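Each chain, written out:
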Amino acid sequence: MSLSSKLALGLGAKLDGNNFDTKKENKKNPKKEEKILLAKNQHQLVFSFEKRNGKPVTIVGRFQIEDEKRKDILKLLKTQLACGGSIKGENIEIQGELKDKIRIILVDNGWKFKN
């Protein structure tokens, strides 16, 4: 099939107008939404408590900050409380029922909580 017959069938690039979109969409990693970053004193952190396989997990929620700062907070909590923990989305999960101790540590570092 020749080039002229392909263009007649509509195959190939569309050159209509002044806008030429040559970007390829990444189907595996779609475009992520921009996160809204807040200062420490503007956060309203919330606790939730779950039991997983009979073991308590304390979830401290909605840290709207950069990933590096979230990792630093997790490291601070894990070292001061001598427990394990992880980051799931915008929340930090700490092993054990440590709500009161977590609140004391984070308030000392300038974070606010909903009451």
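Each remark here, short or long, concerns the structure printed above.
Note that the structure is predicted; figures quoted are calculated from it, not measured. Per chain, the residues get numbers from 1 upward, laid out in the order the sequence is written. pLDDT decides what is reported in this predicted model: residues at 70 or higher carry local features, side-chain atom pairs at 80 or more are listed and counted, and totals for whole chains, interfaces and linings draw on all residues regardless. Only hydrogens and water are set aside when side-chain values are computed; all heavy atoms of the structure are taken into account.

Peer 1: Go over the sheet that holds strand β1 (residues 46-52), please, and point to the residues and values.
Peer 2: Note: two strands are recorded as paired if DSSP finds a minimum of 2 bridges between them. Helical segments are the DSSP runs of H or I of at least four residues, strand segments are the runs of E of at least two, and each set is numbered from the N terminus. With antiparallel pairing, the four strands of this open sheet are ordered in space as β1-β2-β4-β3. Each edge of the open sheet is held by one strand with a lone partner, namely β1 and β3 (85-88). The sheet shows a mean angle of 25° between the axes of neighbouring strands, direction not considered. Pairing of β3 with strand β4 (residues 91-95), which is carried by four bridges, proceeds in the antiparallel orientation. In the strand pairing of β4, Gly85 is matched with Ile94. The sheet contacts of helix α2 (residues 67-81) involve β3 and β4, and relative to β4 the element is tilted by about 15°. Helix axes are fitted to C-alpha atoms over the stretch in contact, other axes to C-alpha atoms as well, and angles between N-to-C directions run from 0 to 180 degrees. Working rule for contacts: check all heavy atoms of both residues, and any pair within 4.5 Å makes them a contact.

Peer 1: I'd like to hear about the pattern of salt bridges, residue by residue, with values.
Peer 2: It is possible for side chains of opposite charge to pair when their charged atoms get near one another. The salt bridge definition used is simple: a Lys or Arg side-chain nitrogen within 4 Å of an Asp or Glu carboxyl oxygen. The final tally for this structure, using the stated rule, is four salt bridges. Between Arg52 and Glu50 there is a salt bridge, and its shortest N-O distance comes to 2.9 Å. Only protein chains enter the accessibility calculation, which uses a 1.4 Å probe. A residue is then buried if its area is under 20% of the maximum for its type, exposed if over 50%, and partly exposed in between. Assessed through its relative accessible area of 33%, Glu50 is described here as partly exposed.

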